[in-house]
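Structural features, examined
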Amino acid sequence: MKTTEKINITTKNLASGNCQVKFFVEDEQKPQYGYLLISEPKPVGEIILEIQNRLAQRQAAKQNINPLFPIEPVSEDHNFYLFSA
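Cut-offs and rules
- Residues numbered from 1 in each chain as written.
- Predicted model: local features only at pLDDT ≥ 70, side-chain atom pairs only at ≥ 80, totals over all residues.
- Heavy atoms only, no water.
- Helix = DSSP H or I, 4+ residues; strand = E, 2+ residues; numbered from the N terminus.
- Buried < 20%, exposed > 50% of the residue type's maximum accessible area, 1.4 Å probe, protein only.
- Contact = heavy atoms within 4.5 Å.
- Areas by Shrake-Rupley, 256 points an atom, 1.4 Å probe, with all protein chains shown as cover.
- Pairing = 2+ DSSP bridges.
- Axes fitted to C-alpha atoms, helices over the stretch in contact; angles between N-to-C directions.
- Phe/Tyr/Trp six-rings, centres within 6.5 Å; stacked < 30°, edge-to-face > 60°.
- Expected span 1.5 Å × (residues − 1).

Focus on the overall build of the protein chain
If you tally the helices and strands in the protein chain, you get 1 helix and 4 strands. For the protein chain, the N- to C-terminal ordering of α and β elements is β-β-β-α-β. Counting the 85 residues in the protein chain, one finds 19% classified as buried. In the protein chain, the share of contacts with a sequence separation of at least 24, taken over all contacts with a separation of at least 6, comes to 42%. Accessible surface, the protein chain: about 6600 Å² in total, of which carbon and sulfur atoms supply 53%.

Listed below in structure tokens is the structure:
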């Protein structure tokens, strides 16, 4: 998978013990931002990899619109929010 975008993150520890990650995807064609809630501390590389994986899953779900080969609907992920910038 070729990624041309750059992902910047900022983290914030919450009173619940979880960590909120705010991220910006700097892409010339489609800049985005969002939030990821993680329950345990992780290195920056693992956080960015998880964001990339979730972005790829969302993209794959959008592209699979073939009615002859439907995929299981993706359950709502309340730990990952994505917005267009």
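A short note on the sheet that holds strand E2 (residues 19-26)
Remark on secondary structure: sheet strands pair via backbone hydrogen bonds, oriented parallel or antiparallel. Reading across from one edge, E1-E2-E3-E4 is the order of the 4 strands in this open sheet, with antiparallel pairing throughout. Strand pairing shows two members of the sheet lacking a second neighbour, strand E1 (6-13) and strand E4 (80-84), which therefore form its edges. Strand-to-strand, the axes of this sheet are offset by a mean angle of 15 degrees, without reference to chain direction. Bridging between strand E3 (residues 32-38) and E4 involves 5 bridges; their strand directions are antiparallel. By the bridge assignment for E4, glutamine 32 is matched with serine 84. Lying over the sheet, helix H1 (residues 44-63) contacts E1, E2, E3 and E4, oriented at roughly 115 degrees with respect to E1.

Brief notes about the packing of aromatic side chains
One pass over the full model with this rule turns up 2 aromatic pairs. Geometrically, the ring pair formed by phenylalanine 23 and phenylalanine 80 is stacked, given 5.6 Å between the ring centres and 10 degrees between the ring planes. On the criterion of sequence distance, the pair formed by phenylalanine 23 in strand E2 and phenylalanine 80 in strand E4 is long-range, its members being 57 residues apart. Both residues of the pair, phenylalanine 23 and phenylalanine 80, count as buried.

A look at the environment of threonine 11
Structurally, the position occupied by threonine 11 is in strand E1. Those residues in contact with threonine 11, other than ones at most four positions away along the chain, are Cys19, Gln20 and Val21.

Focus: H1
For H1, which comprises 20 residues, the first-to-last C-alpha distance of 29 Å matches the rise-based estimate of 28 Å (1.5 Å per residue) to within 8%. Looking at H1, one finds that the buried residues are Ile47, Glu50, Ile51, Gln52, Arg54 and Leu55. Structurally, H1 contributes buried residues whose contacts are with E1, E2, E3 and E4.

Some details on the pairing of E3
Covered by surrounding structure in E3 are Gln32, Gly34, Leu36 and Ile38 only, the residues Tyr33, Tyr35 and Leu37 on the alternate face being uncovered. Between E2 and E3, which follow one another and run antiparallel, lie 5 residues.

Shape is all these values report; function is a separate question.
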